[in-house]
Amino acid sequence: MQSTNLTRGQLPRAARDWWPPLGWWPDNARDLLERRPAGNSASTGSSATFVLPPLAESVYSARSFAAGTLSGWQMTTLLDSMELVVSELATNALRHGLVLAGPGDHRERAVIRLSLIRRGPLVTCAITDPGSAVPVMRDPAPFEPGGLGLHIVESLSLRWGWCTLTSQGKVVWAVLTTG
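Residues numbered from 1 in each chain as written. Predicted model: local features only at pLDDT ≥ 70, side-chain atom pairs only at ≥ 80, totals over all residues. Heavy atoms only, no water.

Draft legend 1. Representation of the packing of aromatic side chains in the model. Summed over all chains, the structure comprises one aromatic pair. Geometrically, the ring pair formed by Phe50 and Phe65 is stacked, given 5.0 Å between the ring centres and 20° between the ring planes. Linking Phe50 in strand E1 (residues 46-52) with Phe65 in helix H3 (residues 58-72), this pair joins segments that are 15 residues apart in sequence. With relative accessibility at 19%, the residue Phe65 sits in the buried group. (Phe/Tyr/Trp six-rings, centres within 6.5 Å; stacked < 30°, edge-to-face > 60°. Helix = DSSP H or I, 4+ residues; strand = E, 2+ residues; numbered from the N terminus. Buried < 20%, exposed > 50% of the residue type's maximum accessible area, 1.4 Å probe, protein only.)

Draft legend 2. Focus on unusual backbone geometry. Although it is not a glycine, Gln74 sits at a positive phi angle of roughly 55°. Along the chain, the position of Gln74 falls in the loop between H3 and helix H4 (79-96). Given the relative accessible area of 72%, Gln74 is considered exposed.

Draft legend 3. Representation of the sheet that holds strand E5 (residues 170-177) in the model. Taken in spatial order, the five strands line up as E1-E2-E3-E5-E4 in an open sheet, and their pairing is antiparallel. At either margin of the open sheet sits one strand with a lone partner, and together these are E1 and strand E4 (159-164). Averaged over all neighbouring strand pairs, the angle between strand axes comes to 15°, with direction disregarded. Bridge count for strand E3 (residues 122-129) against E5 is eight bridges, and the pairing is antiparallel. Bridging from a neighbouring strand, Thr128 pairs with Val171 of E5. Sheet strands touched by H3: E1, strand E2 (112-119) and E3. Its angle to E1, the strand with the most contacts, is close to 165°. The strands touched by H4 are E1, E2, E3 and E5; relative to E3, the strand with the most contacts, the crossing angle is about 15°. (Pairing = 2+ DSSP bridges. Axes fitted to C-alpha atoms, helices over the stretch in contact; angles between N-to-C directions. Contact = heavy atoms within 4.5 Å.)

Draft legend 4. Quick peek at the pairing of E2. Counting buried positions along E2 yields seven of eight residues, so the element is predominantly enclosed. Direction of pairing for E1 relative to E2: antiparallel, over a ladder of seven bridges. Bridge pairing in E2 links Phe50 to Leu114. Bridge count for E2 against E3 is seven bridges, and the pairing is antiparallel. Note on E3: the bridge partner recorded for Leu116 is Cys125.

Draft legend 5. Inspection of the nonpolar core at higher detail. Core analysis: the largest hydrophobic core is formed by 30 residues, its most contacted members being Met82, Leu89, Leu114 and Cys125. Counting only elements with at least two residues in this core, the list comes to E1, H3, H4, E2, E3, helix H5 (149-156) and E5. For this core, the element with the highest residue contribution is H4, accounting for eight residues. With residues near it in sequence (within four places) discarded, Leu114 still touches Ala48, Thr49, Phe50, Leu52, Ala62, Phe65, Val86, Cys125, Ala126 and Ile127. Grouped together as the second largest cluster of nonpolar side chains are eleven residues, Trp19, Trp24, Trp25 and Val171 included. (Core = buried A, V, L, I, M, F, W, Y, C linked by side-chain atoms within 4.5 Å.)

Shown next, in the form of structure tokens:
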């Protein structure tokens, strides 16, 4: 198999667009942020973003990315919970957020992004996808496989939700904390 290196100029437009914008935080979770004095480096936080290819193994890659990022931020107490949240949100984005193009459709492929945004002890996992379908928390039948992903996200996070993106698609997010 031949390896191909792509430069920024060769990537589809959607893959080059930066998300999240600097300082982004979910509107419905702004009350969770603590006020910090200006000049405090913890008030600016940090973020890391990973583009997920539309492949099943991307869920594993997303979990590994989240674990590495949290380890680098010295927030390993969040590893288990964040890995589960990332798995559920990435799986939903891959399963429900991608619109498959029909034969002969040569439009640029939209991407799914995982972003981790840290503000003090809070970390938001945000997954963008090109879909317009609203995430719905289901109540599956007792022996129905699947359907509990958003219940897991809700139980592990301080708050979760979604919002539309101005360009296309949506962001589904969950806020977790170390303390």
